[in-house]
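Chain by chain, the residues:
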Amino acid sequence: MEIRPILASLRKHRIPAVLIVLEIALACAVLCNAVFMIGQRMADIHWSNAIDEQGISVVTVNGADPKLAASEIPRNLAALRGIAGVTAAAAATSMPLDQNPALSPFVTKPYATTTVNSSVYFIGGDGEKAMGLRLLQGRWFNADEYAGSGFKNFGSTGHVALVTQSDANRLWPGQSALGKTLYTDATGWTVVGVVADVLAEDPKLSGPGGMYSSVFFPLQPDGVMGDYMLRSVPQDRERVVREAVQVLGKLQPGAVVEGTTYAGMRSDYFADANSMVWMLVLVCVVMLAVTAFGIVGLTSFWVQQRRRQIGIRRAVGATRGHILSYFRTENFLLSTAGVLTGMALAFGINLYLMTHYEMSRMPWYYLPGSAIALWLLGQLAVLGPALRAAAVPPVVATRSV
Amino acid sequence: MFGYYLDLALRSLTRSKVLTALMVLAIGLGIGASMTMITVLHVMSGDPLPGRSNQLYYPQLDPLPLKYQQSAYGPDPRLNFTWPDAMALLAAHRAERQAAMAGGALLVRPAQTGLRPFYVDGRYATTDFFAMFGVTFLRGQGWSGADDDGRARVVVLSEKLSRKLFGTNDSVGRTVRFGDADLRVIGVSADWQPQPMFYADASAKVFDDADQFFLPLSTALDLKFDTNSNQSSWSSFEGDMKSPVLTWLQVWVQLKDAGQVAAYRQFLIDYSAQQKALGRFERPPTQARLYGLMSWLDRQNLVPADVRLQLWLALGFLLVCMINIVALLLAKFLRRSGEVSVRRALGARRRDIFLQFGIESAVIGLAGGVLGLVIAQLGLWSVRHRPDDYAHLAQMDVSMLIGTFVLAVLASVLAGLLPAWRACRVAPALQLKTL
């Protein structure tokens, strides 16, 4: 296909040509960034979390008398274990992604500082079973440690802790964390085990690289424990939550009792991100549709304007295929110009967003990705008008208008 | 002439229905998306107390030690007050009215059977709170300064809470059990929900929560009620809320005019200087600040980054739509070169042609505005179903309604400028020859 005649004809229709290029460029720039944002949010939504997310239900009790906790919590747990289908039950202070953060900086030397805010989890006896933690090294807490550890000034009065694998690597790179001492100010705890990565209570507040910085402490029945974790098979969860709320409601008439599945808690945390993803997808789809219609409209106009020329070309021997490929090549050239401008624009927008909206750098493959998408869109949009052009009979050349 | 052009525009638009529909759809979508986000931004940056906000001020002191390092993730402790500073500002009485406050969520245990205990948000405050913010009472009244001093066991309920607990808005004299304490109801306020809830600290969901009870700050402290605002301390602190190294209170003052504002600003600096002389403050006294309500809200950055991002996205989309319309209008107007030439040959001036096409663009804009309004309502409906705390605010007011049409017509006329200009520059003789 000869390109020069196409360029010559485009030069005669400079304004419409520039408009198409501009439209494709803008669409490309917005598409790149929107798809990138969708990708980032989807990655967030799929954060891994090494607990039994599909099997846990959580019932929260607020407003119980803390002085009675030592007798009430074991009684409540016994009642909860009696619910059909519950395989393990334990009390805890908080859950990953429950947006109720208890944060503390943990370091390897007394009074050292860090920018990571670790999430602190206090779990009661059987906590590891009810939560479905996965032990990678070392051991769980034993019964003495559960019974002998208290809660004071937001810290554990015990002497042992479990850390996540991420934290073990962050705090003691290249060494085993087992037996090492973890500090906050002057207080230290011995690491007895390393568990697979559990998410923070609110990863937004964890500081850079602290998303999986979670530390577990054993705790005897104590008033600060408001969460009852129940484990069952996924099919039983809804019923288990319902029955557990009833059971605890009766046992704790003076407190507020609320239940949810852990999956529900997780989707609450990501509800914002989820609605943003849908909004971005909608904008992308509608914008591509508008761009496509614009190309259809303008190409149709061109075809109509050039009916005579097309007729003449057909009369002097051009086949339908020639005419078809003329318009497709023309569109390809315009798309290329648009996409090139668009990629530069997309890069610029990304840089701006990086400085103003805590966005990270867009990986390079988003640029050619959306370029190909817009090329395809252009070819698809031009097909209809180009076919109409190809259908122009040669006899048009002999008519005056 | 205007009527004639309007008639011409309508004729031309009905001639090529698909093209017209495309243009109206494009502008409608662009305007709909933009107006949805502009409306969200508009309601989020609105004035919470129209008519009063220009008299309300938030003072700020700097009691932090010199070596204190602000974490990039934690809240700034200076946004709130320590107990001694807040009480000193109140006792000085340098403003028309002044009040210290803090938020709290308390467990309410209803007396009647059949109602489970529940948590409710409210505010611990000092006596001037109601008069300063203009809270109206349906029954009874607020508490006095003497009640503040005497840690009176009294409470003011919102109408909503009063109805929930007692089934009536006349609950004055009755008793409500908050936590482990019995408080006597002395007033019922009309439901009051300034948007955003400017007087709460940064940890509150400022677009969602409304206070349902108010009780004296001293009483709350006496009963050891928990506060749910940020508490920041920069030195060892053993749970004493009256500690001079713990900030957790908000202080608002009402000042009548510029003279009072200047005097109060000076008072804050003098107070800081005095505290520095006493050795309590370490930083220069000129760190003391006084913010007007609206500029205080500006500093809080209440509009989430996501919302601003979505606004840019919507405006980018509108731009794509506008370029689309420019292209389509160009095609449409140039197709009518013959008609233009005839009119020109018969004596129409260029500006007549320009006006004719301008009106045609405006008609498209108006139609697009109607569609845009429908789409924006749909968009706002979907925003209201979002999980965010500002979601329920997403409603259009009259100014946004008018704004929709202004923006739509403006966008379409702007888009029509270039095509109309090109059309009126068609050389009549050349076109007429081919007719």
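Cut-off values and rules
- Residues numbered from 1 in each chain as written.
- Chains lettered and ligands numbered in written order.
- Predicted model: local features only at pLDDT ≥ 70, side-chain atom pairs only at ≥ 80, totals over all residues.
- Heavy atoms only, no water.
- Helix = DSSP H or I, 4+ residues; strand = E, 2+ residues; numbered from the N terminus.
- Rg over C-alpha atoms; globule rule 2.2 N^0.38 Å.
- Buried < 20%, exposed > 50% of the residue type's maximum accessible area, 1.4 Å probe, protein only.
- Contact = heavy atoms within 4.5 Å.
- Areas by Shrake-Rupley, 256 points an atom, 1.4 Å probe, with all protein chains shown as cover.
- Lys, Arg positive; Asp, Glu negative; His and termini not counted.
- Charge placed at Lys NZ, Arg CZ, Asp CG, Glu CD.
- Salt bridge = Lys/Arg side-chain N within 4 Å of Asp/Glu carboxyl O.
- Domains from an automatic or database assignment.
- Polar contact = N/O pair within 3.5 Å; in protein donor to acceptor, adjacent residues only side chain to side chain.
- Nonpolar A, V, L, I, M, F, W, Y, C, P; charged D, E, K, R; others polar.
- Axes fitted to C-alpha atoms, helices over the stretch in contact; angles between N-to-C directions.
- Parallel < 35°, antiparallel > 145°, perpendicular 65-115°, else oblique.
- Left-handed = near helix turned anticlockwise from the far one by under 90°.
- Pairing = 2+ DSSP bridges.
- Phe/Tyr/Trp six-rings, centres within 6.5 Å; stacked < 30°, edge-to-face > 60°.
- Lys NZ or Arg CZ within 6 Å of the ring centre and 35° of its normal.
- Disulfide = S-S within 2.5 Å.
- Core = buried A, V, L, I, M, F, W, Y, C linked by side-chain atoms within 4.5 Å.
- pLDDT = per-residue confidence, 0-100.

Looking only at helices and strands, chain A has 12 helices and 13 strands in total. A compact globule built from 401 residues should have a C-alpha radius of gyration of about 21 Å, whereas chain A, at 32 Å, is more than 25% larger. Dimensions along the principal axes, computed over C-alpha positions, put chain A at roughly 100 × 45 × 30 Å. Counting the 401 residues in chain A, one finds 52% classified as buried. Considering only residue pairs separated by 6 or more positions, chain A has 81% of its internal contacts joining residues 24 or more positions apart. Surface accessibility of chain A: about 18000 Å² in total, with carbon and sulfur atoms responsible for 60%. Positive and negative side-chain charges in chain A, numbering 32 and 27 respectively, have mean positions lying 21 Å apart.

When the charged atoms of two side chains lie near each other, side chains of opposite charge can form a pair. Applying the stated criterion across every chain yields a total of 28 salt bridges over all chains. For Asp306 of chain B, the salt bridge is made with Arg41 of chain A, and the minimal N-O distance between the two is 2.7 Å. Taken together, the positions of Asp306 of chain B in helix α10 (residues 305-335) and Arg41 of chain A in helix α2 (residues 14-45) put the pair across two chains. Given the relative accessible area of 25%, Asp306 of chain B is considered partly exposed. Since its relative accessible area comes to 15%, Arg41 of chain A is described here as buried. Residue Glu145 of chain A pairs with Arg139 of chain A through a salt bridge whose shortest N-O separation is 2.8 Å. Accessibility expressed as a relative area gives 15% for Glu145 of chain A, which makes it buried. Here the salt bridges share partners, and the residues they tie into one network are Asp62, Asp76, Arg78 and Arg283 of chain B.

Further remarks concern the domain arrangement of chain B. Residue and element names in this part refer to chain B. By the assigned domains, chain B splits into domain 1 (2-45 + 304-434) and domain 2 (53-300). Distance between the C-alpha centres of domain 1 and domain 2: 49 Å. Contact residues are listed per partner, giving six residues for domain 1 and seven residues for domain 2. Summed over the shared surface of domain 1 and domain 2, the result is zero residue pairs in polar contact (both at pLDDT 80 or more).

Contact residues are listed per partner, giving 37 residues for chain B and 44 residues for chain A. On the surface where chain B and chain A come into contact, there are nine residue pairs in polar contact (both at pLDDT 80 or more). Secondary-structure elements contributing two or more residues to the side of chain B that touches chain A are α2 (17-44), β4 (118-125), α10 and α13 (398-424) of chain B. No other element matches α10 of chain B, which puts 20 residues into the side of chain B that touches chain A. Its residues assigned to classes, the side of chain B that touches chain A shows 25 nonpolar, three polar and nine charged.

On to the packing of α2 of chain A against helix α12 (residues 366-390) of chain A, then. All names here are of chain A. Their axes nearest at 9 Å, the elements α2 and α12 cross at an angle of 125 degrees. One way to sum up the angle between α2 and α12 is to call them oblique. Crossing handedness for the pair α2 and α12: right-handed. In this structure, α2 uses Ile24, Ala27, Cys28, Leu31, Cys32, Val35, Phe36 and Gly39 to contact α12, whose residues at the interface are Tyr366, Leu367, Ser370, Ala373 and Leu374. Taken together, the residues of the contact of α2 with α12 sort by class into 11 nonpolar, two polar and no charged.

Turning to the side chain of Ser218 of chain B, a few remarks are in order. All names here are of chain B. Along the chain, Ser218 falls in helix α7 (residues 217-222). In this structure the side chain of Ser218 is engaged in a polar contact, spanning 2.5 Å, whose partner is the backbone oxygen of Asp148. Dropping the residues within four chain positions of it, Ser218 is found in contact with Asp147, Asp148 and Arg151.

Below, the discussion takes up the pairing of strand β10 (residues 187-195) of chain A. Residues and elements named next belong to chain A. Pairing of strand β5 (residues 135-138) with β10, which is carried by three bridges, proceeds in the antiparallel orientation. Residue pairing across strands places Gly138 opposite Gly193, the latter belonging to β10. Bridging between strand β8 (residues 160-164) and β10 involves five bridges; their strand directions are parallel. Of the residues in β10, the one forming a bridge with Ala161 is Val191. For strand β9 (residues 181-184) and β10, the ladder comprises four bridges, and the chain directions are antiparallel.

Two aromatic rings are characterised by how far apart their centres lie and by the angle between their planes. Enumeration according to the criterion identifies 40 aromatic pairs over all chains in this entry. Relative to Phe217 of chain A, the ring of Phe106 of chain A has its centre 6.0 Å away and its plane inclined at 45 degrees; by these criteria the two rings are tilted. With Phe106 of chain A in the loop between β3 (103-104) and β4 (118-123) and Phe217 of chain A in strand β11 (residues 214-218), this pair connects stretches of sequence that are 111 residues apart. Judged by relative accessible area, Phe106 of chain A falls into the buried class, the value being 2%. A residue is classified by how much of its surface remains accessible, and Phe217 of chain A, at 1% relative accessible area, is buried. Here the aromatic rings of Tyr269 of chain A and Phe270 of chain A are separated by 5.1 Å at their centres, their planes lie at 90 degrees, and the arrangement is edge-to-face. Residue classification places Phe270 of chain A among the buried residues on the basis of a relative accessible area of 5%. Directly above the ring of Phe118 of chain B sits Lys164 of chain B, whose terminal nitrogen or CZ lies 3.8 Å from the centroid.

A word on the state of the cysteines. Considering all chains together, one arrives at zero disulfides over all chains under this definition. No disulfide involves Cys32 of chain A; its sulfur sits 4.6 Å from the nearest other cysteine sulfur, which is in Cys28 of chain A. In this structure Cys32 of chain A comes out as buried when scored by relative accessible area, which is 1%. Here Cys321 of chain B stays free of any disulfide, with the sulfur of Cys284 of chain A as its closest cysteine sulfur at 13 Å. The exposure class of Cys321 of chain B is buried, given its relative accessible area of 1%.

Looking now at the nonpolar core. Core analysis: the largest hydrophobic core is formed by 225 residues, its most contacted members being Met131 of chain A together with Phe129, Phe133, Leu157, Phe178, Phe213 and Trp252 of chain B. Here this core takes 20 residues from α10 of chain B, the largest share from any one element. With sequence-adjacent residues up to four places away left out, Phe133 of chain B is seen in contact with Leu49, Arg52, Leu56, Met101, Trp192, Phe198, Tyr199 and Trp252 of chain B. Ranked by size, the runner-up nonpolar core spans 34 residues in total, among them Val61, Ala69, Ile83 and Met225 of chain A.

The next subject is the confidence of the model for chain A. Looking at chain A as a whole, its pLDDT mean stands at 90, while 99% of the residues score no less than 70. Taking the mean pLDDT of every element in chain A, the minimum, 85, falls on helix α1 (residues 4-12) of chain A and the maximum, 95, on strand β12 (residues 227-231) of chain A.

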